[in-house]
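# Structure at a glance
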Amino acid sequence: MKSAVETLEPTRVKLTVEVSYEELTPSIDHAYQHIAKDVSIPGFRKGKVPPRIIDQRIGFGAVLEHAVNDALPGFYRDAVRESGVSPLGQPDVEVTAVPVDKAGDLTFTAEVDVRPEFELPELSSLTLEVDPVDVDDDEIEERLEVLRQRFATLQGVERAAADTDFVVLDLTAVIDGEEVDTVSGISYQIGSGNMLEGLDEAVTGLAAGETATFTAPLAGGDRAGEEAEVTVTVTGVKEQELPDVDDEFAQLASEFDTLEELRADLRAQASTGKVNGQAVQARDKLLDALLEAVDFPVPAAVVEAEVVRHLESEDRLEDDEHRAEVQVEATDALRRQLLLDALAESLSVQVSQNELLDFLVRTAQQYRVDPNEFVQNADRTGQIPVFVGEIARNKSLALALRKVTVVDADGLAVDLTPFIGADEDDAEAGADVELDVAVEGVEVVEVATPAEADLADELASVEATEAPAADDAEADEAEATPVEEVKPARARKAPAKKAAKADEEATTEAKADDAKADDEAPAKPARTRKAPAKKKADAAE
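This is a predicted model, so every value here is computed, not measured. (Residues numbered from 1 in each chain as written. Predicted model: local features only at pLDDT ≥ 70, side-chain atom pairs only at ≥ 80, totals over all residues. Heavy atoms only, no water.)

### With respect to the overall build of the chain
Within the chain, the secondary structure is distributed over 17 helices and 11 strands. The buried share of the chain, reckoned over its 541 residues, is 41%. A sequence separation of at least 24 residues applies to 74% of the contacts in the chain between residues at least 6 apart. When the accessible surface of the chain is totalled, it reaches about 27,900 Å², and 46% of it is carbon and sulfur. (Helix = DSSP H or I, 4+ residues; strand = E, 2+ residues; numbered from the N terminus. Buried < 20%, exposed > 50% of the residue type's maximum accessible area, 1.4 Å probe, protein only. Contact = heavy atoms within 4.5 Å. Areas by Shrake-Rupley, 256 points an atom, 1.4 Å probe, with all protein chains shown as cover.)

Have a look at this one:
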């Protein structure tokens, strides 16, 4: 096989591939066998029809068409490996010549978007500054206050509602005289701001049995974004009573006997959180520094494909304003992905089969799916190379952070070894490297590099003993299936002590008993995240 590469644009190439008849012969033989199983010719059993009879009855053209369709994906992959390009998306393939009278070459061209070439800065020249881990007394008091609120009680009062009070509400939303939503008995804390705009102002000063009307845009449902006239009736007012801060409270809220021990534990938690925060900051600042240091074009066709996929999933193809937002997000996400892919390549990052299997098992558990079924589905739909790429990008950040200098605001060196490991430890233990801080998600359509595809093939061979054997044609079709985007987003949390849960709780136990589901109200729903880029602020384990 011969192949040549022509650069059409900085992010698009044209491959011209010539395949000799001898190289195509195995696919032609396979085509004869496949057609022999499907045709019925008098005097011959299915599967036993000789090639010359197939040529007479069906025609060699049909055989050749079957063989070319069967062989093209493999020849294309070989040409990609030989040329060294990194494809993005699916190629536009055109067959320009086929063998005639069982002689001659198969020639085809493939135009495909590719990863642009650019130079990464020297990692050792980068210095990243992160926040110090000092914990002051005000932070401890804030954590203690949150813990008090968790163990607070609610007491009914006969007065007008004030800020921080809990109120029980009935709400009705009307648009153009039509009632579009209504809920009753919803519990809400004034000042929390997690329901409708203007609700806090409307209910402040109302006593039980009093009603107010205000206008606000609806944030969910079929009428989302439309202005509605909302009528709210207060049916009850409760105030929060916080427990005293003493040893008795420490015993109630934690496993400690004294308030002094509880404060010390809260300080240790805050310090640990800040150490985790340093790793998150270092990761984000390294990525930002690399993006600022390099400038490269982004394949427009790949971005457009992601924009269309995103808008179709939301049924908003005609929404030009939203399209512009998604366009920016998709472009930024693809830039990050391309940079991290280049970083992984420059650091010679390898993903082992054990790492991939571990990732797949953990992802399956996250979605509560049987691991074997998840792996087989991922292999069948062409997702495994995408997982390989995600793991490689994660590892590339860990390795890169080892090479940069990380200091705090005081200029003191920051040790991130607990999160990123060390080269010496890896050499001794032969351990795989994986950053303990989740990599920022990149949700774009991508096509695996040859190395990723090879590892996917290895995994498929491992799983072959557990999965039903597929027809050859179906297997080849699966190999040529476009790779879809994947949205695994994992966030790992360590088990915490009772007191550690303090800063994660925003409501009281009594409030939880009185509250009903917020989704009963015409309130702002949690936004479904479909856009391709979102920075994670959570510290990892």
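Let us keep going from here.
### Digging into the packing of helix α7 (residues 259-293) against helix α9 (residues 320-346)
The contact between α7 and α9 brings their axes to 11 Å, and the two run at 95°. Viewed along their axes, α7 and α9 adopt a mutual orientation that is roughly perpendicular. Judged by residue contacts, L287, L290 and L291 of α7 engage R335, R336, L339, L340 and L343 from α9. Counted by class, the contact of α7 with α9 contains six nonpolar, no polar and two charged residues. (Axes fitted to C-alpha atoms, helices over the stretch in contact; angles between N-to-C directions. Parallel < 35°, antiparallel > 145°, perpendicular 65-115°, else oblique. Nonpolar A, V, L, I, M, F, W, Y, C, P; charged D, E, K, R; others polar.)

### Considering the pairing of strand β8 (residues 178-189)
With nine bridges connecting them, strand β7 (residues 166-175) and β8 associate as antiparallel partners. What sits directly across from F166, in β8, is Q189. The loop that links β7 with its antiparallel partner β8 comprises two residues; one of these, D176, has a positive phi angle of about 55°. (Pairing = 2+ DSSP bridges.)

### As for the packing of aromatic side chains
In this structure the tally under the stated criterion is four aromatic pairs. Judged by centre distance (5.4 Å) and plane angle (55°), the ring pair of F359 and F387 falls under tilted. Placement of F359 in helix α10 (residues 353-366) and of F387 in helix α12 (residues 384-403) is noted, with a sequence separation of 28 residues between them. The exposure classification of F359 matches that of F387, with both residues buried. Among the aromatic side chains, those forming a connected cluster through ring pairs are F359, F374 and F387. Note that R335 overlies the ring of F296, its terminal NZ or CZ placed 4.5 Å from the centroid. (Phe/Tyr/Trp six-rings, centres within 6.5 Å; stacked < 30°, edge-to-face > 60°. Lys NZ or Arg CZ within 6 Å of the ring centre and 35° of its normal.)

### Focus: a negative patch on the surface
A cluster of like negative charges, contributed by E129, D131, D134, D136, D138, E142 and D410, occupies part of the molecular surface. Mapped onto the elements of the fold, D134 is located in the loop between β5 (127-130) and α4 (137-150). (Patch = residues over 30% accessible without salt bridge, like charges linked within 9 Å, V, L, I, M, F, W, Y side chains within 5 Å. Salt bridge = Lys/Arg side-chain N within 4 Å of Asp/Glu carboxyl O. Lys, Arg positive; Asp, Glu negative; His and termini not counted. Charge placed at Lys NZ, Arg CZ, Asp CG, Glu CD.)

### Considering a nonpolar patch on the surface
A cluster of nonpolar residues, V93, V95 and V98, forms a patch on the protein surface that exposes about 200 Å² of accessible area. With respect to the helices and strands, V95 occurs in strand β3 (residues 87-97).

### Topic: the nonpolar core
L123, L286, L343, V404, V406 and L416 are the most contacted members of the largest nonpolar core, which has 53 residues in total. Of all the elements in the fold, those that place two or more residues in this core are β5, α7, α8 (300-314), α9, α10, α11 (371-380), α12 and α13 (417-420). For this core, the element with the most residues is α12, which contributes 10 residues. Setting aside its immediate chain neighbours within four residues, L343 contacts L120, L123, L290, S396, L397 and A400. Listed in part, the 33 residues of the second largest apolar core include I54, L72, F75 and Y76. (Core = buried A, V, L, I, M, F, W, Y, C linked by side-chain atoms within 4.5 Å.)

### A word on the confidence of the model for the chain
Chain-level pLDDT for the chain is 81 on average; 78% of the residues reach the 70-or-more range. Confidence drops under a pLDDT of 50 for residues 436-541, and excluding neighbours within four residues, the segment shows 228 contacts in the predicted structure. (pLDDT = per-residue confidence, 0-100.)

### Quick word on the sheet that holds strand β1 (residues 2-9)
If you trace the four strands from one edge of the open sheet to the other, you get β1-β2-β4-β3, paired in antiparallel fashion. At either end of the open sheet lies a strand with only one pairing partner, and these are β1 and β3. Ignoring which end each strand starts from, the neighbouring axes of this sheet average 20° apart. Where β3 and strand β4 (residues 106-114) come together, seven bridges link them in antiparallel fashion. Bridge pairing in β4 places E94 opposite T109.

### Thoughts on the pairing of β5
With burial as the criterion, only one face of β5 is covered, namely that bearing L128 and V130; the residues T127 and E129 on the opposite face remain uncovered. Two elements, β5 and strand β11 (residues 405-408), share four bridges in a ladder whose sense is parallel. Pairing of L128 across the sheet is with V406, part of β11.

### Considerations on unusual backbone geometry
At D315, a position not held by glycine, the phi torsion is positive, near 55°. Here D315 lies in the loop between α8 and α9. D315 gets classed as exposed once you look at its relative accessible area, which sits at 71%. Unusually for a residue other than glycine, S348 sits at a positive phi of about 55°. Along the chain, S348 falls in the loop between α9 and α10. A residue is classified by how much of its surface remains accessible, and S348, at 54% relative accessible area, is exposed.

### Description of α10
Taking 1.5 Å of rise per residue, 14 residues should cover 20 Å, and α10 covers 20 Å from first to last C-alpha, within 8% of that figure. Taken residue by residue, α10 has E355, L356, F359, L360, T363 and A364 as its buried positions. Projection of α10 onto a plane perpendicular to its axis shows the buried side chains occupying an angular sector of 165°, all on one side. Facing away from the buried side of α10 by more than 90 degrees, the exposed set consists of N354 and Q365. (Expected span 1.5 Å × (residues − 1). Arc of directions from axis to C-beta.)

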